[in-house]
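Understanding the architecture of this molecule
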Amino acid sequence: MDTSNLPQSVQSFFSNNKQIYQSIKPLLENPTQFPETHTPSEIDILFDDVVCGTISNGSPGINIICAPISEEPDTFEIQFDGEPALFIIHGHEVINRLDNMHSLDLHSSIEALANH
């Protein structure tokens, strides 16, 4: 994929983090959306490719795994059931698979999963 249309800070990040680039490259080349009715059974929150929190259907509350390594992480990611849903690098949205989910209220979904 040609990354020249991405901001310079994102291009630099990909140059220095080829493994992360390779893992999301298929979504950059073919940005599929989650179905409008998709309801994740697990939501993971990652900072700098490290899972810092997870919410699982059937488990009460948010399971805080660790604090972000940096106060200003390079990346922020939300995964639904192990798949990237939202990926932000240096404040630039690189992947957003939530656009099709018009009825998704992420706050309510997180709250509902956390209270199961």
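Refer to the preceding data block for the structure.
**Description of the pattern of salt bridges**
This model, assessed by the stated rule, comprises two salt bridges. Between Glu29 and Lys25 there is a salt bridge whose closest N-O contact spans 3.8 Å. Placement of the pair is Glu29 and Lys25 together in helix α2 (residues 18–29), with a separation of four residues, close to one helical turn. We classify Glu29 as partly exposed; its relative accessible area is 47%.

**With respect to the sheet that holds strand β6 (residues 92–96)**
Each strand in a sheet pairs with another by means of backbone hydrogen bonds, the pair being arranged parallel or else antiparallel. The antiparallel open sheet is built from six strands, whose spatial order is β3-β2-β1-β4-β5-β6. Lying at the two open borders of the sheet, with one neighbouring strand each, are β3 (63–64) and β6. Contacts from helix α1 (residues 8–16) reach β4 (75–80), β5 (83–89) and β6, with the element oriented near 65 degrees to β6. α2 contacts β5 and β6 of the sheet and is inclined by roughly 60 degrees relative to β6.

Thresholds applied
- Residues numbered from 1 in each chain as written.
- Predicted model: local features only at pLDDT ≥ 70, side-chain atom pairs only at ≥ 80, totals over all residues.
- Heavy atoms only, no water.
- Salt bridge = Lys/Arg side-chain N within 4 Å of Asp/Glu carboxyl O.
- Helix = DSSP H or I, 4+ residues; strand = E, 2+ residues; numbered from the N terminus.
- Buried < 20%, exposed > 50% of the residue type's maximum accessible area, 1.4 Å probe, protein only.
- Pairing = 2+ DSSP bridges.
- Contact = heavy atoms within 4.5 Å.
- Axes fitted to C-alpha atoms, helices over the stretch in contact; angles between N-to-C directions.

Note that all results are geometric; they support no functional claim without further evidence.
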